[in-house]
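Residues per chain are reported as follows:
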Amino acid sequence: MKNLLIRLFAVMLCASMALVSVGAVEPCYEVSQEYKDGGYYDRLLAYELTGDPRYDVLSIALTQLGYHEGDSDADMDGLNIDGDRNFVEYNRLYGKVDNKEGNGVSYGYAWCASFVTWCLRQAGVGYTQAINSISCSGMTDWYIRNKIFHFSEEGYIPLPGDIIMFSPNDDPSHVGLVLGVLEDKVYTVEGNNGGIVGIHSYDLTDDYILGYCVPKYGESDTVMDCEPLLTGNINKTGEFIVNAKSLNVRSDASNDSEVLGTLSKHDSVIVSERNGNWGKIEFEGAEGWIYMPHTTDADYMVYSLKYELGGGEGIEHQRKLKGGKFAVTDEIPARKGYDFIGWTDDKDSKEPNVKAGDVYSEDADITLYAIWKEAKYTVTFYDEDGTVLHSEECDFNAWVPTVEEPTKESDGEYKYVFAGWTPELVQVVVKDLEYTATYEKIALTEEEKAQLNASAESEEKAASDDKDGGIPSYVYIIIGVLLVVAGVLIVFKNKIFSKKAND
């Protein structure tokens, strides 16, 4: 129920945008943070609505050229050029569903229709003017019911901003926006064609085209010329990046021409001339042609900030578009047995020279290397009362030190026997460890109590002899010895005196 209310609120908000169609774009749903961080959000916000809905819809779609689908709900920045699981920002407008495509209830589902709807909504076209749908067949049915659908066989020439519907077997299965018509070809902006937002072209008589939906744009105070949007994009030259796994280079601008060789994904080429969907390049010293829908304008090239962790884990690579910035992460990687020291951009250095928050603004791939030092861990043994019995610094994976078993005095009623350490001792050190002694409490027998009392009395008596004011026992011993010596001397003296008297 909660999700339904949220979706209804989003629909109402998007519908109200139809009344506000001039000025800065204001997304009518909760934009993901990933999309905000990717660069395409900034391009969207940089566009100023003109008030001409056809022009605005196409211009907004063109701000998203190069956006690539991701692999999870958290992968919506549009920069995952290897993503292939249909997770895109545009599906957030409609909500999470399960299209039985293996992603469960999520934002990961076929997104050509949701991209078209998303562009309409951001341009201020309300849901009463163009259905909010992620279904090509549902979208087609709505336009047919409203008598604003033209089958291609009718000979209708689409206008910029119309919606082109494709069907291989009279079953609508793909959709895009009409960018314009030039020399019997219709040019489109499509999402989910190759997993990316891109420009494509078709013969107007192509059987693949089912027909055209015409949103209820209504009359506009401003009628913009959309031809520059078409020609400025389809004739663009300069640097392009291959976005297919492999791309044939042909001798002419035709699929029937000779294959001169192949390019690999991420290869950079300079296109010097355009001929419809084909671009001329220099290849191994000769002239060659490539199919442009399998390339990405270098302006939309994705650059990476890679973190080489050297056995560690926990840090994701960062990505940005041309003109964007990297900020070094403040997250700390983890590696067993090592402490993280910092980052360096010199793989041979052992000293950090890059810190968290440092910014890289150049358009280039950057690699940072983690610096580690072997960790030292402290193992501490405590007595029951918290007294430190032993503390020792150990290397990672060293044996836990052995300590002498502690003792605890009897309290007169119970004796205490060492029972072990809490927690249970481990064999090797992999982190700081703390152990506390535990004791078993055993009641004393009467005989043990008597012995304990006798021992205590003896100790008390000995102690009393040592108190201030008493005569220690050793004094009596000395006095006794002196008296014996004195007695012997007296006897000896008397014998001498008696002998003298007899003489």
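Residues numbered from 1 in each chain as written. Predicted model: local features only at pLDDT ≥ 70, side-chain atom pairs only at ≥ 80, totals over all residues. Heavy atoms only, no water.

A short note on the overall build of the chain
Thinking step 1. For the chain, the helix and strand inventory stands at nine helices and 26 strands.
Thinking step 2. Relative to its 503 residues, the chain shows a buried fraction of 42%.
Thinking step 3. Put simply, of all contacts in the chain between residues at least 6 apart along the chain, 55% involve residues at least 24 apart.
Thinking step 4. By element, 50% of the accessible surface of the chain is carried by carbon and sulfur atoms, the whole surface being about 28,000 Å². (Helix = DSSP H or I, 4+ residues; strand = E, 2+ residues; numbered from the N terminus. Buried < 20%, exposed > 50% of the residue type's maximum accessible area, 1.4 Å probe, protein only. Contact = heavy atoms within 4.5 Å. Areas by Shrake-Rupley, 256 points an atom, 1.4 Å probe, with all protein chains shown as cover.)

Quick word on the sheet that holds strand S24 (residues 388–395)
Thinking step 1. Spatially, S24-S23-S26-S25 is the arrangement adopted by the four strands of the open sheet, whose pairing is mixed. Bordering the open sheet on either side are S24 and strand S25 (414–422), each of which pairs with just one other strand. On average, each strand axis in the sheet is inclined to that of its neighbour by 20°, with strand direction left out of account.
Thinking step 2. Sheet topology note: the S25/strand S26 (residues 433–443) ladder contains eight bridges and is antiparallel. In the sheet register, Tyr414 faces S26, and the bridge partner there is Ala443. (Pairing = 2+ DSSP bridges. Axes fitted to C-alpha atoms, helices over the stretch in contact; angles between N-to-C directions.)

Thoughts on the confidence of the model for the chain
Thinking step 1. Scored by pLDDT, the chain comes out at a mean of 89, with 89% of its residues at no less than 70.
Thinking step 2. Considering each helix and strand of the chain separately, the mean pLDDT is smallest for helix H1 (residues 2–16), with a value of 44, and largest for strand S4 (residues 163–166), with 98.
Thinking step 3. Predicted confidence for residues 1–13 stays below pLDDT 50, and this span has five contacts to residues more than four positions away or in other chains.
Thinking step 4. Under a pLDDT of 50 for its full length, residues 15–20 has, in the predicted model, 11 contacts with residues more than four places off or in other chains. (pLDDT = per-residue confidence, 0-100.)

Points about the environment of Ala370
Thinking step 1. Its place among the elements puts Ala370 in strand S22 (residues 366–374).
Thinking step 2. Once the C-alpha coordinates of Ala370 and Gly312 are considered, the two residues, 58 residues apart in sequence, prove to be 8.3 Å apart.
Thinking step 3. Not counting residues up to four positions away in its chain, the partners in contact with Ala370 are Glu308, Leu309, Phe340, Gly342 and Trp343.

Some remarks on the pairing of strand S5 (residues 174–182)
Thinking step 1. Counting buried positions along S5 gives seven out of nine residues, so the element sits mostly inside the fold.
Thinking step 2. Bridge count between S4 and S5: four bridges; the pairing is antiparallel. Bridging across to S5, Met165 finds its partner in Val175.
Thinking step 3. Summarising the sheet, S5 and strand S6 (residues 185–190) pair through five bridges and their orientation is antiparallel. Residue pairing in the sheet places Val181 in a bridge with Val186 of S6.
Thinking step 4. Once S5 ends, the chain turns through two residues before running back antiparallel as S6, passing Glu183 with a positive phi of about 50°.

Some words on helix H5 (residues 112–122)
Thinking step 1. The buried fraction of H5 is high, at 11 of 11 residues.
Thinking step 2. Positive backbone phi, at 90°, marks Gly124, one or two positions downstream of H5.

Structural notes on unusual backbone geometry
Thinking step 1. A cis amide bond, omega -5°, links Thr422 with the succeeding residue Pro423.
Thinking step 2. Looking at the secondary structure, you find Pro423 in the loop between S25 and S26.
Thinking step 3. If you check the backbone angles, Lys100 has positive phi at about 60° while not being a glycine.
Thinking step 4. With respect to the element layout, Lys100 can be found in the loop between helix H4 (53–63) and H5.
Thinking step 5. In this structure, Glu284 takes a positive phi of about 50° despite not being glycine.
Thinking step 6. Mapped onto the fold, Glu284 is located in the loop between strand S14 (278–283) and strand S15 (286–291).

Re H4
Since there are 3.6 residues in each turn of an α-helix, residues three or four apart along the chain are aligned in direction.
Thinking step 1. Burial runs high along H4: 11 of the 11 residues are buried.
Thinking step 2. Taken residue by residue, H4 has Pro53, Arg54, Tyr55, Asp56, Val57, Leu58, Ser59, Ile60, Ala61, Leu62 and Thr63 as its buried positions.

Re the nonpolar core
Thinking step 1. Within the largest apolar cluster, 62 residues are counted, with the highest numbers of intra-cluster contacts made by Ile60, Trp118, Tyr143, Ile163, Val175, Leu179 and Val189.
Thinking step 2. Ignoring anything within four residues of it in the chain, the contact list for Val175 reads Cys112, Ala113, Val116, Cys136, Met139, Ile163, Ile164, Met165, Phe166 and Glu190.
Thinking step 3. Residues Ile241, Tyr303, Trp343 and Ile366 belong to the second largest nonpolar core, which totals 16 residues. (Core = buried A, V, L, I, M, F, W, Y, C linked by side-chain atoms within 4.5 Å.)

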